[in-house]
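For reference, the chains in residue letters:
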Amino acid sequence: RTDQERASFQGALASMQLWYAHQLTTVFMMTDPATDPASDTLVDSLSYGARGWPTESRCAMLGKRTSQHAWPLLVDVAALGSDAG
């Protein structure tokens, strides 16, 4: 990366939590274990709750005030089941 790209990345990374904490942002949690679609093999054995970044985004989202809008603030994609397809 160039110096400018590196500075932009660091600036974005430092404020990334703002997207998750904003009242009008919906957070989609991908709680199913990651699998390789070609072989259906488990890619990573860490559960969703044991991962750092998802924990941070979930905590930031849970600090939001209640939405007065028609859409949900938090969606667990795995819980959608067959409705997602």
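So, a few notes on the structure that sits alongside this text.

Observations regarding the overall build of the chain
Stage number 1. Looking only at helices and strands, one finds four helices and four strands in the chain.
Stage number 2. Taken from N to C terminus, the helices and strands of the chain fall in the order α-α-β-β-β-α-β-α.
Stage number 3. Within the span of the chain, comprising 85 residues, buried residues form 14% of the whole.
Stage number 4. Within the chain, counting contacts between residues at least 6 apart in sequence, those at least 24 apart form 62% of the total.
Stage number 5. For the chain, the exposed surface amounts to about 6,500 Å²; the carbon and sulfur share of it is 57%.

Quick look at the packing of aromatic side chains
Stage number 1. In the structure shown here, the tally under the stated rule is zero aromatic pairs.
Stage number 2. The ring of Phe9 is capped by Arg1, whose NZ or CZ atom sits 4.3 Å from the centre of that ring.

Observations concerning the pattern of salt bridges
Stage number 1. The tally for this structure, following the rule as stated, stands at one salt bridge.
Stage number 2. Where Arg6 meets Asp3, a salt bridge forms, and the shortest distance between an N and an O atom there is 3.0 Å. Pair noted here: Arg6 and Asp3 are both in helix H1 (residues 3–14), with a separation of three residues, about one helical turn.
Stage number 3. By relative accessible area, Arg6 is classed as partly exposed at 40%.

Things to note about helix H3 (residues 52–62)
Stage number 1. Turning to H3, its buried residues number three or more, namely Pro54, Ser57, Ala60 and Met61. Along the axis of H3, the buried residues cluster in a sector spanning 130 degrees; they form a single face. In H3, those exposed residues whose orientation departs by more than 90 degrees from the buried face are Gly52 and Leu62.
Stage number 2. On its buried side, H3 packs onto helix H2 (17–21), strand S1 (27–29) and strand S4 (74–76).

Analysis parameters
Every residue gets a number counted from 1 within its own chain, in the order that chain's sequence is written. pLDDT decides what is reported in this predicted model: residues at 70 or higher carry local features, side-chain atom pairs at 80 or more are listed and counted, and totals for whole chains, interfaces and linings draw on all residues regardless. To obtain the side-chain values, all non-hydrogen atoms of the structure were used and water was disregarded. Only DSSP runs of H or I with at least four residues qualify as helices, and only runs of E with at least two residues qualify as strands; both kinds are numbered from the N terminus onward. Remark: exposure states derive from per-residue accessible area (1.4 Å probe, protein chains only) relative to the maximum for the residue type, with buried under 20%, exposed over 50%, and partly exposed in between. Whether two residues are in contact is decided by their heavy atoms: any pair within 4.5 Å suffices. To be clear on the numbers: accessible area is Shrake-Rupley with a 1.4 Å probe, and residue cover counts the displayed protein chains and nothing else. Two rings belonging to Phe, Tyr or Trp (six-membered ring only in the last case) form a pair when the distance between their centres is within 6.5 Å. Interplanar angles under 30 degrees mark stacking, angles over 60 mark edge-to-face geometry, and anything in between is tilted. Look at NZ for Lys and CZ for Arg. If either is within 6 Å of the ring centre and within 35 degrees of the ring normal, a charge sits over the ring. Definition used for salt bridges: Asp or Glu carboxyl oxygen within 4 Å of a side-chain nitrogen of Lys or Arg. The directions from the helix axis to the C-beta atoms form the arc being described.

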